[in-house]
Amino acid sequence: MVNVVIDGKRIKVPERTTILDAAKAAGIRIPTLCFLEGVNEIGACRVCVVEVEGHERLFTACNNPVEESMVIHTNSKKAREARRANVRMILSEHDDHCPSCVRSGNCELQRIANELNIHDTPFEKHYVSRRTSPDFPLIRDFSLCIKCMRCVQVCDKIQHANVWDVVNTGAKTTVDVARVYRLEDADCALCGQCITHCPVGALHERDDTQKVLDAIDDPEKIVLVQIAPAIRTAWGEEFGMKPGEATVTRLAAALRLVGFDYVFDTNFSADLTIMEEGSEFVERLKHRDREKFPMFTSCCPGWIRFVKSHWPQFVGQLSSAKSPQQMFGAVAKSWYAQTLGVDPSRIFSVSIMPCLAKKAECALPGMDGAGAGQDVDVALTTREVSRLIRSLQIQPQDLADEELDMPLGVGSGAGAIFGATGGVMEAALRSAFFLVTGKNPEPDAFKSVRGMDGWKEATFDIAGTALKVAVVNGLGNADKLLAALDRGDVRYDFVEVMACPGGCVGGGGQPIHDRVEMAPQRAPTLYDIDRGMELRFSHENPSILACYQQFLGAPLSEKAHRLLHTTYHGWKMPGEK
């Protein structure tokens, strides 16, 4: 233990404790900006500087450990003036057009400037006025970057994608894409974790809300929207609503006020995905001698982009089933258009997703199986939908719940848990058990795959067959698992991968809470929904049964393959051979 004095308080803390954590233990707050615990502790912004008696230089609190008998002053004149000067210098290289910034009101630089009572910038303004392509789902605005390095560290340490890097030297030092000249030429998975960990608006998603409003204003268009499972855990956060208030039925009421003609549930197509993917897995098990294992889930387009870029030898082991977003779009522009008795070209299909990669996915070749253009026309993030609702002066907290439209508004509890890591695996095993044995397991029989651990594994017995499965979340963990598979260190039959830490509930398109990983708080909402439903198995969804009886025929039928399956060799990532 080490004895120190901080702002007159004598405390004892373990050796190697940082000054920042020691101050926190004493109830003293030191402001930070670039700091991200366990990820970015490099003192780049120098906002956390403190004065230590006996030393001329100031210490950054985030990465300097305390020493025995250290006397620290967090708010001395020298520390205050240096802190304010450092923030002013950052502001001098930042285009502070705050009212029109996507992060206005939720910006760490804005917050710290207000906290330090900074209302002017005496230094000459100098910043790079450049943005990356407005057509790419991820946009970087160089004029807003504060060079905090968070995006670099998150991409390298957590996601193992290594997209961002420090380029140039001296006064021209900045953050840019690594190895290539354009962001769209990088092997970016579009997980969006760089956005949710950026303290300012230097990184954001392409805004597609105007495309949606244009379609709503077109009298020839029938505009429908699907709501992904993870959305119901987070959409109300930006309106100050609790999970119990921010229901999917209240969101449906808000979306109808926006102007959508029909509001549906991606849980429907999550159940459809289980029928196809589960049937595919069972068929592969029947032919173990000619199939490669494990089979990987294919619901997460960020994971698909990552495996194609980093581990192409495993692409052939991906399930050929499309993601729930794409299955929904294909069904909407085929079976549902037929149900409405309208030309599929009139349908404008919108999805609300917790993810940036969905924007890229809906534009891919092969995602147009219904023959009426792309099956999903626009994918919006949770943040975009919140901005859209707010821009139309809608107050969702004042609305009464409204039920979703039928028949694509019916989803099971198995579909609901898709948004949490382990949810796809659990839902698939529930139905795989039924497909093999002809009877349902206990709904929670496979709950051991739940939880926020980065790499989980379990073995289950299904009709005398032992199945070894794994669940990983976060691309860094996926990278480790694939490396272990490649070396032959592990063996699995079925693997679920979600690109974002915690799964879709922690997606790169979800509301941003700086330095708070929200997935552990959001995931329980989905399990509560599952637990409270009578319908907990995908294969019992009446709308799914009707879709097969009236239109698709059976899982893995010719029509199902044409509409609901794809090949991942039909398009290439940058640099892919």
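Only a predicted model underlies this, so the values are computations on that prediction, with no experimental measurement involved.

**Considering the packing of helix α8 (residues 266–286) against helix α14 (residues 423–437)**
Running from N to C, α8 and α14 cross one another at 60°; their axes reach a closest spacing of 9 Å. The orientation of α8 relative to α14 falls into the category oblique. Between α8 and α14 lies a crossing of right-handed hand. Across the interface between the two elements, Ile 274, Glu 277, Gly 278, Ser 279 and Val 282 of α8 pack against Val 424, Ala 427, Ala 428, Ser 431, Ala 432, Leu 435 and Val 436 of α14. The residue inventory of the contact of α8 with α14, partitioned by class, reads 8 nonpolar, 3 polar and 1 charged.

**Quick look at the packing of aromatic side chains**
Any two aromatic rings considered together are summarised by their centre-to-centre distance and by the angle between their planes. A full pass over the atoms with the stated rule returns 11 aromatic pairs. Taken together, Tyr 262, Phe 264, Phe 268, Phe 328 and Tyr 336 form an aromatic cluster joined through their ring pairs. We note Arg 390 situated over the ring of Phe 239; from NZ or CZ to the ring centre the distance is 5.0 Å.

**Some points on the state of the cysteines**
If you walk through the whole model with that rule in mind, you get 0 disulfides. With no disulfide of its own, Cys 145 has Cys 151 as its nearest cysteine by sulfur position, at a separation of 6.3 Å. No disulfide involves Cys 300; its sulfur sits 6.0 Å from that of Cys 355, the nearest cysteine. Since its relative accessible area comes to 12%, Cys 300 is described here as buried.

**Observations concerning the nonpolar core**
Of all hydrophobic cores here, the largest spans 44 residues; its most connected members are Val 87, Leu 109, Leu 138, Val 163, Trp 164, Leu 190 and Leu 203. The set of elements that each furnish at least two residues to this core consists of α2 (77–92), α3 (108–115), α4 (150–158), β8 (174–177), α5 (193–197) and α11 (357–361). In contact with Leu 138, other than residues within four places in its own chain, are Thr 132, Trp 164, Leu 183, Cys 188, Leu 190, Cys 194, Ile 195, Leu 203, His 204 and Leu 356. In terms of nonpolar packing, the next biggest core, distinct from the first, is built from 34 residues, Leu 213, Ile 231, Val 263 and Phe 348 among them.

**Section: the pairing of strand β3 (residues 49–52)**
Here β3 runs beside strand β4 (residues 59–60); their pairing, made up of 2 bridges, is antiparallel. Each bridged residue has a counterpart across the sheet, and for Val 49 the counterpart in β4 is Thr 60. As judged from the 2 bridges shared by β3 and strand β5 (residues 70–73), these two strands associate in the antiparallel manner. Within β5, the residue paired with Val 52 across the bridge is Ile 72.

**Digging into the UniProt feature "domain: 4Fe-4S His(Cys)3-ligated-type" (unreviewed entry) in the protein**
Taking the numbering used here, the UniProt-annotated feature "domain: 4Fe-4S His(Cys)3-ligated-type" (unreviewed entry) corresponds to residues 78–117. Here residues 78–117 runs as 57% helix and 0% strand, with 16 Å between its end C-alpha atoms.

**Considerations on the pattern of salt bridges**
The tally for this structure, following the rule as stated, stands at 46 salt bridges. A salt bridge links Arg 111 to Glu 115; the nearest nitrogen and oxygen atoms lie 2.7 Å apart. One end of the pair, Arg 111, and the other, Glu 115, are both in helix α3, 4 residues apart, so they sit about a helical turn from each other. For Arg 111, a relative accessible area of 22% corresponds to the partly exposed category.

**Concerning helix α9 (residues 301–310)**
Most of α9 sits inside the fold, with 8 of its 10 residues counted as buried. Residues of α9 that are buried include every one of Pro 301, Gly 302, Trp 303, Ile 304, Arg 305, Phe 306, Val 307 and Lys 308, and no others. Close packing links the buried residues of α9 with β12 (295–296), α11, α15 (475–487) and β17 (494–498).

Analysis parameters
- Residues numbered from 1 in each chain as written.
- Predicted model: local features only at pLDDT ≥ 70, side-chain atom pairs only at ≥ 80, totals over all residues.
- Heavy atoms only, no water.
- Axes fitted to C-alpha atoms, helices over the stretch in contact; angles between N-to-C directions.
- Helix = DSSP H or I, 4+ residues; strand = E, 2+ residues; numbered from the N terminus.
- Parallel < 35°, antiparallel > 145°, perpendicular 65-115°, else oblique.
- Left-handed = near helix turned anticlockwise from the far one by under 90°.
- Contact = heavy atoms within 4.5 Å.
- Nonpolar A, V, L, I, M, F, W, Y, C, P; charged D, E, K, R; others polar.
- Phe/Tyr/Trp six-rings, centres within 6.5 Å; stacked < 30°, edge-to-face > 60°.
- Lys NZ or Arg CZ within 6 Å of the ring centre and 35° of its normal.
- Disulfide = S-S within 2.5 Å.
- Buried < 20%, exposed > 50% of the residue type's maximum accessible area, 1.4 Å probe, protein only.
- Core = buried A, V, L, I, M, F, W, Y, C linked by side-chain atoms within 4.5 Å.
- Pairing = 2+ DSSP bridges.
- UniProt positions renumbered as here; feature names shortened; annotations may be inferred.
- Salt bridge = Lys/Arg side-chain N within 4 Å of Asp/Glu carboxyl O.

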